[in-house]
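Architecture and fold: a report
Here are the chains, one letter per residue:
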Amino acid sequence: MGPSESDEVKPKFLTGSHGFNNYASYTTNQSLADGAMRREVAAGYAETGDIETLQRKYGQLVLSKIACIVSSKDGVQKVRLIHDLRRSAVNAKIILRERLVLPRLCDVVQATLDLMEAGFDSDHLEFMVADFRDAFKMLKTFPTERRFLAGKALDSYFVFCTVLFGVGTGPLVWCRVAAAIMRVSQAALSNTRIACFVDDPILVLRGTRDSRMSLALQALLLWCAMGTGISWKKASFGRSVQWIGGQFSLDRGRFAIRISLPPKRIESFLEEIRAIQSCKRGMVCRDRLRSLAGLGSWIGGLAPQVKPFVRQIWGAVSARTKSGSMCKLVYRKQIDSALHWLHLFALGNRGGLSKTFLLEERFTDGVVVQCDASVWGGGAACWSCASDFYRNLPPQCYFSIQWTVFHETLLHATIGDPAHQATFEAYVYLLAITSWVTPETKGRVIVIGDALGVMHGIVQLSSRAFIVNEIAKELALHLAPLCISLAGIHIWGEENALADALSRLFSGKELPIEVSSATRIVPAESWTCLGTKQVR
């Protein structure tokens, strides 16, 4: 975990009349911080003594400052000590060759649907959530490494004997151990599905009530036998539980699971975005952006459309200088477009996000939309289910729209110019999906067309073309609250005759007989993100 002897960190003791001092947050909360430090020593996590004794035992100490974070949640005060190994250059000598891949909210949803597919409805399923107490500190460090985990407190010096918050490799080392524990648990409890987010495990249990209770107790006993500490007051069991901020609920008598993200988390996300956008210096602290990106990634566990914009922030946060060091400040211009979209998303979902996942929808193809555009107009048809489309039944509804000056201004395109064909194609997809994909939509949404590049950009919500990207942003704003993704089917131009004819009605093409009994709609063209707020 620590640097090797051949490449060790050179200790930098502060000299002069002031000597070594911890951060102001420690001295400001001296009594609370000292109390927390005494508990660390009493639990065997840290060892105190004079500097000569500790150095004879462990080698020359590398002192690191301690910060104290005092927070309150549900009326309970929490004190956390952070050992800053970055300033003392200990973390700078650590090389991380792996990265953590943590479970997401949607992974638990899929695990629950797996059990439902095996025939267990909500009456025969339950969740158990637990919390490993002092997870990092369960892991002992080698005696040769402890000199790098040193500091000064309680009027003496100390070394930590365990992994702690602040060690660069701490999360990776612990998660390796947690992964091993979960694999053993899954092997022993075959009638369950298990996930663990750092130190927060969740189990989806199946069977009768007695069977589920037995499985939950077996899991807890197994973890205790393996030496892990359980925070019993944080454990919960039932059909409705909270895990990593999301609320999971099972509806009685149904093959369905509901997940909700609370309004307060969306509100805090919005407030942080606004604070960053209001920064007048034009540069943002990297650590602040990391916090924002982390919260955005959590939301992306339910709404995948958020992820491309969060990735832009992670990219800016991960940028390095020419010397190879991490940038402490990030130019806000790099992420302005991402912040703008995320702000609009949070603003439109201040009441929280929720989605019910039905087993019957898991492999069901729902709405099918077939689109095409010409340089004079656009057209699309919609089938309520994929089976109707595959059986060549007539569409349920359609639209045909003529391009006007409004569209030229909105899309920065010229009517009649083939160079802007792809732009018009992308806009027709936007009109079709926003018209026919609603909160009542069930199953997978399939889009069909003959423009492969445009369709790929729409399905992936990303394109090299600027205007197609802008259209994709608007589309993502519509899809994200619905927690719906798209699937695309490419067909040849000759096979897209229906949508092609609808796109040319205004240039003399006859109305296809297939849509003679279908309902014609006029799509709304009021956009939040695309161009300025324009209403036709």
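Residues numbered from 1 in each chain as written. Predicted model: local features only at pLDDT ≥ 70, side-chain atom pairs only at ≥ 80, totals over all residues. Heavy atoms only, no water.

With that settled, the discussion passes to the overall build of the protein chain. Within the protein chain, the secondary structure is distributed over 16 helices and 21 strands. Here the protein chain holds 536 residues, and 48% of them are scored as buried. The contacts of the protein chain with a sequence gap of at least 6 include a subset with a gap of at least 24, amounting to 72%. Summed over its atoms, the accessible surface of the protein chain is roughly 26,100 Å², and 53% of this surface lies on carbon and sulfur atoms. Taking the average place of the 62 positive charges on the side chains of the protein chain and the average place of its 48 negative ones, the gap between the two points comes to 8 Å. (Helix = DSSP H or I, 4+ residues; strand = E, 2+ residues; numbered from the N terminus. Buried < 20%, exposed > 50% of the residue type's maximum accessible area, 1.4 Å probe, protein only. Contact = heavy atoms within 4.5 Å. Areas by Shrake-Rupley, 256 points an atom, 1.4 Å probe, with all protein chains shown as cover. Lys, Arg positive; Asp, Glu negative; His and termini not counted. Charge placed at Lys NZ, Arg CZ, Asp CG, Glu CD.)

Core analysis: the largest hydrophobic core is formed by 100 residues, its most contacted members being F248, I313, W341 and Y427. In terms of residue count, helix α13 (residues 421-436) provides more of this core than any other element does, ten residues in total. The residues touching Y427, leaving out its near neighbours within four places in the chain, are W403, F406, H407, L410, L411, I471, E525, W527 and L530. By size, the runner-up hydrophobic cluster in this structure holds 24 residues, among which are C175, A178, A216 and W223. (Core = buried A, V, L, I, M, F, W, Y, C linked by side-chain atoms within 4.5 Å.)

Glancing now at unusual backbone geometry. Negative phi is the rule for most residues except glycine; trans is the rule for most peptide bonds. The backbone of V198 shows a phi angle near 60°, a positive value even though the residue is not glycine. Mapping V198 onto the fold places it in the loop between β7 (192-197) and β8 (200-206). Not every positive phi belongs to a glycine, and I244 is a case in point at roughly 40°. Relative to the elements of secondary structure, I244 occurs in the loop between β10 (240-243) and β11 (246-250). You can call I244 buried: its relative accessible area is 18%.

Turning our attention to the sheet that holds strand β15 (residues 353-358). Read from one edge to the other, the open sheet built from four strands follows the order β10-β11-β12-β15, with strand pairing classed as antiparallel. At either margin of the open sheet sits one strand with a lone partner, and together these are β10 and β15. In this sheet, neighbouring strand axes are inclined to one another by 20° on average, regardless of whether the strands run parallel or antiparallel. Sheet topology note: the β10/β11 ladder contains four bridges and is antiparallel. Its bridge partner lying in β11, S240 is registered against S249. Seen against the sheet, helix α4 (residues 105-117) touches β10, β11, β12 (256-261) and β15 and runs at an angle of roughly 170° to β12. (Pairing = 2+ DSSP bridges. Axes fitted to C-alpha atoms, helices over the stretch in contact; angles between N-to-C directions.)

Along a regular strand, successive side chains alternate from one face of the sheet to the other. Across eight bridges, strand β2 (residues 66-73) lies against strand β3 (residues 76-83) in antiparallel orientation. Note on β3: the bridge partner recorded for S71 is K78. Linking β2 back to β3 in an antiparallel pair, the connection comprises two residues, with D74 at a positive phi of about 55°.

What follows concerns a positive patch on the surface. A cluster of like positive charges, contributed by K73, K78, R80, K233, K234 and K264, occupies part of the molecular surface. Its relative accessible area of 33% is what places R80 among the partly exposed residues. (Patch = residues over 30% accessible without salt bridge, like charges linked within 9 Å, V, L, I, M, F, W, Y side chains within 5 Å. Salt bridge = Lys/Arg side-chain N within 4 Å of Asp/Glu carboxyl O.)

This part is about the sheet that holds strand β17 (residues 377-383). Pairing is mixed in the open sheet, where six strands are placed in the order β20-β19-β16-β17-β18-β21. Since the sheet does not close on itself, it has two edges, and those belong to β20 (486-490) and β21 (519-520), each with one partner. As judged from the four bridges shared by strand β16 (residues 365-373) and strand β19 (residues 444-449), these two strands associate in the parallel manner. Bridging across to β19, V368 finds its partner in I446. On the sheet, α13 packs against β16, β17, β18 (397-402), β19 and β20 and is oriented at approximately 150° with respect to β16. Along the sheet face, helix α14 (residues 452-460) touches β19 and β20 and points at about 170° away from the line of β20.

That's the geometry; what it means functionally is another story.
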